[in-house]
Structure formats: structure tokens, C-alpha cells
Amino acid sequence: MILWLTLLACSGKDVPPTGWPDDGCGASTPAEGQSSSSGSTKERTLTLDDGTELAVAVRWPAGRGCVGAIVYAPPGLDPGTGAVLTEQSKAFAAAGAALITFDPRGRGDSTGEEDANGRQGQEDFAAVIRWAAWQDRVDPAQVVVYSRSFGGALAAGALGADPELAVRGWVDYESPGWLQ
């Protein structure tokens, strides 16, 4: 029994919460949390009600304090977990913000069937946003959605269909499109 509980605790699997947290820790502004460190990365798996497993990756800023979070919708039909390894994610961490991203269903390390950023993918992204807001180190009042290219379909659908997502803002870059 102890071995089973230990394996379960170390599995890195979570179930996305429902609703938005009423309160949480309070984050300082990113300018106050600046650090020369690019932080650390962590991988998780979100298990949805239908059994689909979404691969999630987080780059946390250095330290243990409360932070704001940027939840990233990957571009095109690409997986997103590799975004935590980019220079941009390191810059976010150095500024004091976490970057949380995922592989949409059917892509990368996520299971399930690809739906080309359709309704199911949008619901999945909403689950990732809710999960981000419930993290102990994340201030739910400081959650921002960031999308690129066709990832804007994930963000627009999730934010438009789920009024409980109380994000602070949405930043979209070249959506939907491709700029040389």
C-alpha cells in the first residue's frame, strides 16, 4: 500500500480542477521579481474526464514565491511543451513569471485524437488554464493567456465559451496567420 501511494504521488499526473479559484497567493509584479536565473522546468500530465492525457510543461522562475503565469496556446498544429526550453520562456522566468504550456490532444506526448484546434481542443485548453490558476505558486489574479498563429483558435474558443476563466488578459501574436 505504501509503495502504491508513493508511486501515485510521484507520477506527475493531475486532474484539472473545475471553476476558478476565489483567491490564492498574491504575486508581485514581474519587474519586482526580476532575476538573472532562467528558472526550472517541470513536466506534468493532466488526465481529463474522458481518459485523455495532456502533456503539460512549466518553466518556473527561481525562488519559491507566488508568481503570475503565462498560459501558452501553441501555434499551428504543433505540440507546445517544447516552448519551456526557448529563450523567450527563460526571459519570462527571469522577469518573475511562470510559462505553462501543453501538447494539445493527439500531438506530442498527449493522447487522444487531433481535432485541429476545434471545440475539443478549446475545452482542453480551458482545462489547462484552470489548472494553471489553481497552482499553489500562481496568483489566479495574474494569469495571462498567450497565443500564436492558429493557437489563437484555441485561446479564442476557450475564453469565449468559458466565462469562469477569469484571466487578466490575452496576448495574441499573428493569429491566425503566418508572418515571414
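For every chain, the first residue of the written sequence is number 1, and numbering continues from 1 along that sequence. Totals for whole chains, interfaces and linings use all residues, but because this is a predicted model, local features are given only for residues with pLDDT of at least 70 and pairs of side-chain atoms are given and counted only at 80 or more. Where side-chain values are given, they derive from all heavy atoms of the structure, hydrogens and water being excluded.

Each helix and strand counted, the protein has 4 helices and 7 strands in total. What counts as a helix is a DSSP run of H or I of at least four residues, what counts as a strand is a run of E of at least two, and both are numbered from the N terminus. Along the chain direction, N to C, the helices and strands of the protein fall in the order α-β-β-β-β-α-β-α-β-α-β. Across the 180 residues in the protein, those meeting the buried criterion constitute 46%. Contacts between residues were defined by any pair of non-hydrogen atoms, one from each residue, lying within 4.5 Å. Contacts in the protein between residues at least 24 apart in sequence constitute 76% of all its contacts with a sequence separation of at least 6. Per element, the accessible surface of the protein, about 9200 Å² overall, is 54% carbon and sulfur. The rule is simple: take the accessible area with a 1.4 Å probe, protein chains only, and divide by the maximum for that residue type; under 20% is buried, over 50% is exposed, in between is partly exposed. Surface accessibility in these figures is a Shrake-Rupley result with a 1.4 Å probe; residues are shielded only by whichever protein chains are displayed.

Strand 3 (residues 53-60) sits mainly inside the fold: 7 of its 8 residues count as buried. A pair of strands is considered paired only if DSSP assigns at least 2 bridges between the two. Where strand 2 (residues 40-47) lies against strand 3, 8 bridges are found, and the strand directions are antiparallel. Across the sheet, residue L46 finds its bridge partner in strand 3, namely L54. A loop of 5 residues connects strand 2 with strand 3, the two strands running antiparallel in sequence, and G51 in this loop sits at a positive phi of about 90°. In this sheet, strand 5 (residues 97-102) lies alongside strand 3 in antiparallel orientation, the contact comprising 4 bridges. Within the sheet, the bridge partner assigned to V56 lies in strand 5 and is F102.

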